[in-house]
Amino acid sequence: MKSGAIVLLLGLLAVWAQLPPAAAQVRPGACPNIRGPGICVERCRGDDSCPPGRKCCSNGCGHVCITPITRPRGRPGVCPRPAGGSICVELCSSDAQCRRRQKCCSNGCGHVCTTVMACVPSLGL
């Protein structure tokens, strides 16, 4: 049983070692919203594996290089400060990819849709 756990750990370390740094993965712009399933191919592994001006985006099944949306609209509200201990995933790149009352916020390592409170003026009490 211990050898199986060691093999699994070594496999996870090998995958982690091949990933580019998080800062290198994200290019400006947003991936368009997915409309139904796409072809199940992995043609990119992060924005750095795409030609200049293109992003690695999910197509509903796999990932392909596409021209990003360059003027995403931001939503009101403030993202909370990352608390740490977060998973390193990019689940969004703009507020437009999140539900109403959510913003695309950093979790300290990646970006996730987060419910935010509307800004309320301080009473100064």
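Everything numeric in this text was worked out from a predicted model, so none of it was measured.

1. Notes on the pairing of strand β3 (residues 102–106)
Counting buried positions along β3 yields four of five residues, so the element is predominantly enclosed. Bridging between β3 and strand β4 (residues 111–115) involves five bridges; their strand directions are antiparallel. When the sheet's bridge partners are listed, Cys-104 is paired in β4 with Cys-113. Between the end of β3 and the start of β4, which pair antiparallel, lie four residues, with Gly-108 showing a positive phi angle near 105°.

2. A closer look at the confidence of the model for the protein
The share of residues in the protein with pLDDT of 70 or more is 71%, and the mean pLDDT across the chain is 76. Within the protein, strand β2 (residues 63–66) carries the highest mean pLDDT (94), whereas helix α2 (residues 22–25) carries the lowest (47). Ignoring residues within four places in sequence, the model shows residues 12–24, a span with pLDDT below 50, making seven contacts including any to other chains.

Cut-offs and rules
- Residues numbered from 1 in each chain as written.
- Predicted model: local features only at pLDDT ≥ 70, side-chain atom pairs only at ≥ 80, totals over all residues.
- Heavy atoms only, no water.
- Buried < 20%, exposed > 50% of the residue type's maximum accessible area, 1.4 Å probe, protein only.
- Helix = DSSP H or I, 4+ residues; strand = E, 2+ residues; numbered from the N terminus.
- Pairing = 2+ DSSP bridges.
- pLDDT = per-residue confidence, 0-100.
- Contact = heavy atoms within 4.5 Å.

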